[in-house]
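Geometric and topological summary
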Amino acid sequence: PYTTLFRSLRLIMSSRNFIRNRILNVSSSGKHIVGNAGIAIVGNIFDKVNLGRFNNLSIELAHPANTYPLSDVVKAEVMSMCCGDPSFEGIRDFREDEDFYAGAAGMTVGIPSPETVRQRLDLCGISEDSFKEFHKAAVLCNRELLKGEELTCEHGYLMVDLDVTPFNESKSSKEGISMTYKHFIGYSPNYAQCGKEKGLLFSEWRPGKQHCQKGTPEFISQAIESVRDIYPSGDVMFRMDSGNDSMENYGILIENGMYFVCKRNLRAESVYDWLDHAKKYTLKENIDSPREGKTVYIGSTWLDREYKDASGETKQVTLRAVYEIIERTMDPDGQYLMPANVEVNMFLTNSNLSDEEVIQVYHEHATCEQCHAELKTDLGFEKVPSGKYLTNCVLNDIAMLAFNILRIIGMRLYDLREIPKRGKAFRRRISTVIHGIMRAPAMIIEHGRYRTIDLGGVNPWAEAFEYVFDFYDCSCRRKRVI
């Protein structure tokens, strides 16, 4: 009986505490509270970039009566993308508290409406010439973003990864979509990423059916120009898939003093001929048998090739071809294979890395898929907001700026090891930056012409927010306190 009594008393007390701790009322006050306090950090990073060059475009000078300068339009779209909403309607949330967000981003007039942003970006993509002018300005702004940031080298080289990633636009009727090599309808943009941090170095919006090699020589030339602007000294290595196995690409890289690792496309060559070559010339210490019925041959050979330089002169070059040939005569379950399963992986390079390092360097090229996934899912850019092809080209350049801003914030978070995290990681995902920093709620306190962002006393990201804010606070006229 005493046990039953104590249990009943415990239930009564717990129910009283539950009722006492429950939230029964919701009220509004006159306190100034914002939901995306991270825009203040974005405004500090804007100070690194001369976004005013957008106001000097010919399409902008042709409309002097515009209320909002084009730089403010670009800032508004970047702010929306940095909060994970690339749609035009995402800008409307900032207009609810225009005084704070416009001031934090350094806008001269205010935050334009979503309709205004759509119309102005359509004008930037109204023709090929207007887009090329906008694209040139966006590339210069992107270089200024990455310039001065510490990019991590691998194996003694600053890695630049080139890869095409399809965007799924099925069940839509947008201009320029077509069947991609992934067998769905969409676009196939090309991206160049630099460093271990995987910042976007250069980008090009493409129709879905365009082959990955079409336009790649010009793409590589512009990527080289960008990487030399932000990384003027030091060795740079380009990593490419077999779809870019072309002497035209290699010639451009060699003429500009670049190194490269590219998977070789065997085309019509016989894998069994290469197996015979490996058995004949591979050193014994480079032959490995990880299990019964599986043999791995690692070595290198030399191939004579020729290419044409910028002046059209034909030049001869000898490239090293590193091979990894796997012969399987038995599967892991013990079933014999007749004939044997032969896999040939070859990599062309002009570097002095060892055979094992060349293979490892190419395998690390797969990490660029993580960058593509963050751009599509975390930033939400796989479903582009416009139905016009050239407008989506403009939005792709703006997405490159927003992505690098978030990546830069994530790089600074890595310096601060005390931030909330779930495990060891070299770089922070874009979604982590958006949810932890960009969407941080805060109360705005104004006193004596000074504005203070109060993150509260129980925000686990408060220290990280303050660290990144102070790192990029370049204002000398007034001090913003957190």
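Predicted model, so just to flag it, every value in this text is computed and none were measured.

1. Here we look at the side chain of Thr 165
Here Thr 165 lies in the loop between β2 (158-164) and β3 (167-168). By relative accessible area, which is 3% here, Thr 165 ends up buried. At a separation of 2.7 Å, a polar atom in the side chain of Thr 165 contacts the side chain of Lys 376. Beyond its immediate stretch of four places on either side in the chain, Thr 165 contacts Tyr 187, Ser 188, Pro 189, Tyr 191, His 372 and Lys 376.

2. Observations concerning the environment of Phe 471
By the secondary structure assignment, Phe 471 is in helix α16 (residues 462-471). By relative accessible area, which is 43% here, Phe 471 ends up partly exposed. As for Phe 471 and Ala 102, which are separated by 369 residues in sequence, their C-alpha atoms are 21 Å apart.

3. A closer look at the layout of surface pockets
Its volume calculated, the largest pocket comes out at about 550 Å³. For the largest pocket, the lining is made up of 25 residues, of which Phe 131, His 135, Phe 202, Glu 204 and Gln 222 are closest to its centre. Of all the elements in the fold, those that place two or more residues in the lining of the largest pocket are α8 (128-146), β7 (199-204), α9 (216-230) and α14 (389-415). Of all the elements, α8 adds the most residues to the lining of the largest pocket, at eight residues. Its residues assigned to classes, the lining of the largest pocket shows 10 nonpolar, six polar and nine charged.

4. Observations regarding the sheet that holds strand β10 (residues 287-291)
Pairing in this open sheet of nine strands is mixed, and the strands run β7-β6-β2-β8-β9-β13-β12-β11-β10 from one edge to the other. Each having just a single partner strand, β7 and β10 make up the two edges of the open sheet. Neighbour-to-neighbour, the strand axes of this sheet turn through a mean angle of 25°, independent of strand direction. Where β2 lies against strand β6 (residues 190-194), five bridges are found, and the strand directions are antiparallel. The partner of Leu 162 across the bridge, within β6, is Ala 192. Across the face of the sheet, α9 comes into contact with β2, β6, β7 and β8 (236-240) while running at roughly 150° to β7.

5. A look at the nonpolar core
Core analysis: the largest hydrophobic core is formed by 87 residues, its most contacted members being Phe 54, Phe 134, Trp 205, Ile 405, Ile 409, Ile 437 and Met 438. No other element matches the 16 residues that α14 contributes to this core. Each residue touching Ile 409, except ones within four places of it in the same chain, is listed here: Ile 41, Ile 45, Val 433, Ile 437, Met 438 and Val 468. Counting residues in each nonpolar core, the second largest holds 43 residues, with Val 139, Ile 230, Phe 260 and Met 346 among its members.

6. A look at the state of the cysteines
Here a disulfide denotes one covalent bond, and it connects the sulfur atoms of two cysteines. Counted by the stated rule, this structure contains zero disulfides. The structure places no disulfide on Cys 153, whose sulfur is separated from the nearest cysteine sulfur, that of Cys 194, by 10 Å. Cys 153 gets classed as partly exposed once you look at its relative accessible area, which sits at 33%. Of all cysteine sulfurs, the one in Cys 124 lies closest to Cys 393, which takes part in no disulfide; the gap is 12 Å. With relative accessibility at 4%, the residue Cys 393 sits in the buried group.

7. As for the sheet that holds strand β14 (residues 442-447)
Backbone-to-backbone hydrogen bonds join strands into a sheet, with any given pair of strands oriented parallel or antiparallel. Reading across the sheet, the three strands line up as β1-β14-β15 and stay open at both edges, with antiparallel pairing between neighbours. Sheet topology places β1 (33-34) and β15 (450-454) at the edges, where each strand pairs with a single neighbour. Of the pairings in the sheet, the one linking β1 to β14 comprises two bridges and is antiparallel in character. Across the sheet, residue Val 34 finds its bridge partner in β14, namely Ala 442. On top of the sheet, helix α6 (residues 98-105) reaches β1, β14 and β15; it is set at about 100° to β15, its chief contact.

Parameters and conventions
- Residues numbered from 1 in each chain as written.
- Predicted model: local features only at pLDDT ≥ 70, side-chain atom pairs only at ≥ 80, totals over all residues.
- Heavy atoms only, no water.
- Helix = DSSP H or I, 4+ residues; strand = E, 2+ residues; numbered from the N terminus.
- Buried < 20%, exposed > 50% of the residue type's maximum accessible area, 1.4 Å probe, protein only.
- Polar contact = N/O pair within 3.5 Å; in protein donor to acceptor, adjacent residues only side chain to side chain.
- Contact = heavy atoms within 4.5 Å.
- 1 Å grid on protein atoms, 1.4 Å probe; cavity = no way out; pocket = protein on both sides within 12 Å on 5 of 7 lines; lining within 4 Å.
- Points joined across faces, edges and corners; volume = space filled by probe spheres on them.
- Nonpolar A, V, L, I, M, F, W, Y, C, P; charged D, E, K, R; others polar.
- Pairing = 2+ DSSP bridges.
- Axes fitted to C-alpha atoms, helices over the stretch in contact; angles between N-to-C directions.
- Core = buried A, V, L, I, M, F, W, Y, C linked by side-chain atoms within 4.5 Å.
- Disulfide = S-S within 2.5 Å.

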